[in-house]
There are 2 protein chains.
Amino acid sequence: MSDRPADDTGLRARKKRARADAIVDAAQRLVLAHGFDAVTVEAIADAAGISPRTFFNYFESKDDAVLGQASFDLDAGFRGEFVAGGPTGRLTADLEVLAAALLGAVAGSGPHAPARVLELMQAEPRLLACHFAWFERHKNQIEDLFAERHSRQPLPTDPATCTMVVFVLVRAALDDWDAGGRRGDVTEHLPAVLAKIAAVVNA
Amino acid sequence: MSDRPADDTGLRARKKRARADAIVDAAQRLVLAHGFDAVTVEAIADAAGISPRTFFNYFESKDDAVLGQASFDLDAGFRGEFVAGGPTGRLTADLEVLAAALLGAVAGSGPHAPARVLELMQAEPRLLACHFAWFERHKNQIEDLFAERHSRQPLPTDPATCTMVVFVLVRAALDDWDAGGRRGDVTEHLPAVLAKIAAVVNA
DNA sequence: TGCAACTTTGCATCAAGTGCAATATTGAGT
DNA sequence: ACTCAATATTGCACTTGATGCAAAGTTGCA
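Residues numbered from 1 in each chain as written. Chains lettered and ligands numbered in written order. Predicted model: local features only at pLDDT ≥ 70, side-chain atom pairs only at ≥ 80, totals over all residues. Heavy atoms only, no water.

Caption draft 1: View of the relation of the copies chain A and chain B. Rotating chain A by 180 degrees and moving it 0.1 Å along the rotation axis overlays it on chain B with an RMSD of 0.1 Å. Here the symmetry operator amounts to a two-fold rotation axis. Minimal C-alpha distance to the rotation axis in chain A is attained by Ala 129 of chain A, lying at 2.3 Å. The overlap is high: 100% of the interface residues of chain A also sit at the interface in chain B, so the same surface is used on both sides. (Least-squares fit on C-alpha atoms with pLDDT ≥ 70 in both. Contact = heavy atoms within 4.5 Å.)

Spelled out as structure tokens, the structure:
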């Protein structure tokens, strides 16, 4: 029913969601325990209670499953606001907000999610490559945002460079959070990281 | 013999170098012609005149072969100079010089090398991931450079952020060169790209 | 010329990943 | 409650990437 609450979806959809979560959870636990190469798709599928064939109905690759990489779509409200020059009205602050949204998608939910993803990427370089590939897949979406905003109120430079800076903020915030002992939320590091980058390029 | 000229190495070393070049050349030509997935390791090995097993003696993966990714080591002279505050004495200009050295390693030699690598990465997202993974593998080496320089004359911020900026310069210069019609040398775009990034973070 | 060192290669193997089709499950209408 | 369409799961065969082992071949050096 169209008026059914979002969390009251059909059994099929709920099972699908639960299965995807089970796969990611199993994948991450097993890889953290045994190392990426030692863990097979068959082992992950077993732990998640599905067949290996089904595994590939949910994720394109073992890498994707381990990172739990979801499609990322910006909230329509956020898009409208950003394009109109918001949410803060100042570009650098708005970059931080956008970077925070991306961090939410990259790191996922749950209290230990960022730590877990970071630990996995640190342990497995190839997952880091996957992480970057995810960024590139979403680059166009972000760039379009900047292009629209630019058409209303000119940005200091082209949308491509703005997009690049956002991705660097995400990356640098994760590293800074890690270097700072992983306390608090990753997004809290965005202002400091932006200041550091400014210090370098203005030297 | 230790006093043998660099280009007068043994037959074995020369054949090894030639084989590696033949593999990369074959890989790039075949992938550009047929697409990454349609080209097998066996086909590349055939075209390069070696066995598939030998292919894996030269490159860890098909991806690495297609990108022709070489180990990158900074010239000892350059290292000494950079660490001492050179080559220009101004950090941002020195970042550009360092980024240019990296571009040389990433894009390889030959007049069409940058265009070819860029084209491959544009056509195959997974090669882009590989490209980033290469950066991450060399991150420590670059970060060490900054750490040493920092110990003599403090940088505006930590070596990790400086390293991140260098990598962004490399990436953005490639994109800028592409967007500008691929004329001239990629390294010529570094100053403009640095200025653009500065414009964004200072907005 | 002979031998050590190194490289190439064939082969068997494992694992990731895919297409196809049979079987199972769920949703919707009556 | 039943039926059927739509969708998902699964088994299987297969291709390809990648690896370890050891035999055979090539190169360097005395």
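Now that the structure has been shown, the text picks up again.
Caption draft 2: Looking closely at the side chain of Lys 196 of chain A. Mapped onto the fold, Lys 196 of chain A is located in helix α10 (residues 190–201). Within the structure, Lys 196 of chain A has its side chain in polar contact with the side chain of Asp 176 of chain A (distance 2.5 Å). Residues within four places of Lys 196 of chain A in sequence aside, it is in contact with Asp 176 of chain A together with Thr 157, Asp 158 and Thr 161 of chain B. (Helix = DSSP H or I, 4+ residues; strand = E, 2+ residues; numbered from the N terminus. Polar contact = N/O pair within 3.5 Å; in protein donor to acceptor, adjacent residues only side chain to side chain.)

Caption draft 3: Geometry of the protein's contact with DNA strand C. By nearness alone, 21 residues border DNA strand C, and Leu 11, Lys 15 and Arg 53 of chain A together with Arg 19 and Tyr 58 of chain B come closest of all. Counting only the atoms of DNA strand C within 4 Å of the protein, the fraction contributed by sugar and phosphate is 60%. A distance of 2.4 Å separates a phosphate oxygen of DNA strand C from a polar atom in the side chain of Tyr 58 of chain B. Elements that contribute at least two residues to the surface near DNA strand C include exactly α1 (11–34) and α3 (52–58) of chain A together with α1 (11–34) and α3 (52–58) of chain B. It is α3 of chain B that provides the largest number of residues to the surface near DNA strand C, a total of 4 residues. Classifying every residue of the surface near DNA strand C by side-chain character gives 6 nonpolar, 6 polar and 9 charged. (Near = heavy atom within 4 Å. Nonpolar A, V, L, I, M, F, W, Y, C, P; charged D, E, K, R; others polar.)

Caption draft 4: Looking closely at helix α7 (residues 113–123) of chain B. Residue and element names in this part refer to chain B. By the burial criterion, the buried members of α7 are Ala 113, Pro 114, Val 117, Leu 118, Leu 120 and Met 121. Looking down the long axis of α7, one finds its buried residues gathered within 160 degrees of arc, a one-sided arrangement. Taken together, the buried residues of α7 touch α1, α4 (62–67), α6 (91–107), α8 (125–152) and α9 (159–179). (Buried < 20%, exposed > 50% of the residue type's maximum accessible area, 1.4 Å probe, protein only. Arc of directions from axis to C-beta.)

Caption draft 5: Geometry of the domain arrangement of chain A. Residues and elements named next belong to chain A. Splitting chain A by domain gives domain 1 (11–67) and domain 2 (76–201). Centre-to-centre separation of domain 1 and domain 2, based on C-alpha positions: 27 Å. Across the boundary between the two partners, domain 1 contributes 11 residues, which contact 11 residues of domain 2. Both faces combined, the contact of domain 1 with domain 2 buries some 1100 Å², and carbon together with sulfur accounts for 64% of it. Connecting domain 1 to domain 2 are 1 salt bridge. Ionic pairing is found between Arg 116 and Asp 25, a salt bridge with its closest N-O pair at 3.5 Å. Counting the contacts that link domain 1 with domain 2 gives 2 residue pairs in polar contact (both at pLDDT 80 or more). With 5 residues, α1 is the single largest residue contributor to the side of domain 1 that touches domain 2. By residue class, the composition of the side of domain 1 that touches domain 2 is 5 nonpolar, 2 polar and 4 charged. (Domains from an automatic or database assignment. Buried area = accessible area lost by both parts, 1.4 Å probe. Salt bridge = Lys/Arg side-chain N within 4 Å of Asp/Glu carboxyl O.)

Caption draft 6: Quick look at the protein's contact with DNA strand D. Near DNA strand D there are 21 residues, and of these Arg 19 and Tyr 58 of chain A together with Leu 11, Lys 15 and Arg 53 of chain B occur at the shortest range. Considering DNA strand D, the proportion of its atoms within 4 Å of the protein that are sugar or phosphate atoms stands at 58%. In the environment of DNA strand D, a phosphate oxygen lies 2.5 Å from a nitrogen or oxygen atom belonging to the side chain of Tyr 58 of chain A. Looking at which element gives the most residues to the surface near DNA strand D, the answer is α3 of chain A, with 4 residues.

Caption draft 7: Main features of the nonpolar core. Ranked by internal contacts, the top residues of the largest apolar core, which has 126 residues, are Leu 98, Phe 146 and Leu 169 of chain A together with Leu 98, Phe 146 and Leu 169 of chain B. Contacts of Phe 146 of chain A, omitting those with residues within four sequence positions, involve Phe 82, Leu 91, Leu 95, Leu 98, Leu 155, Pro 159, Cys 162, Thr 163 and Val 166 of chain A. (Core = buried A, V, L, I, M, F, W, Y, C linked by side-chain atoms within 4.5 Å.)

Caption draft 8: Up close: the interface of chain A and chain B. Counting from both sides, the interface comprises 30 residues of chain A and, opposite them, 30 residues of chain B. Buried surface at the junction of chain A and chain B, summed over both partners, amounts to about 2600 Å²; 75% is from carbon and sulfur atoms. It is Met 164, Val 200 and Val 201 of chain A that lose the most area in chain A upon contact with chain B, and together they represent 22% of the buried surface on that side. The tally of links between chain A and chain B comes to 4 salt bridges. With its nearest N and O atoms 3.1 Å apart, the salt bridge here joins Lys 139 of chain A to Asp 175 of chain B. The tally of links from chain A across to chain B stands at 7 residue pairs in polar contact (both at pLDDT 80 or more). At the level of elements, α6 (91–107), α8 (125–152), α9 (159–179) and α10 of chain A are the ones that each hand at least two residues to the side of chain A that touches chain B. The element contributing the most residues to the side of chain A that touches chain B is α9 of chain A, with 8 residues.

Caption draft 9: Seen up close, the packing of aromatic side chains. Considering all chains together, one arrives at 8 aromatic pairs over all chains under this definition. With 5.1 Å between their ring centres and 70 degrees between their planes, Phe 55 of chain B and Phe 56 of chain B make a pair best called edge-to-face. Since its relative accessible area comes to 0%, Phe 55 of chain B is described here as buried. Accessibility expressed as a relative area gives 40% for Phe 56 of chain B, which makes it partly exposed. Relative to Phe 146 of chain B, the ring of Phe 82 of chain B has its centre 5.4 Å away and its plane inclined at 85 degrees; by these criteria the two rings are edge-to-face. Of the two residues, Phe 82 of chain B is situated in helix α5 (residues 76–83) and Phe 146 of chain B in helix α8; the sequence distance between them amounts to 64 residues. Side by side, Phe 82 of chain B and Phe 146 of chain B carry an identical accessibility label, which is buried. We note Lys 62 of chain A situated over the ring of Phe 36 of chain A; from NZ or CZ to the ring centre the distance is 4.4 Å. (Phe/Tyr/Trp six-rings, centres within 6.5 Å; stacked < 30°, edge-to-face > 60°. Lys NZ or Arg CZ within 6 Å of the ring centre and 35° of its normal.)

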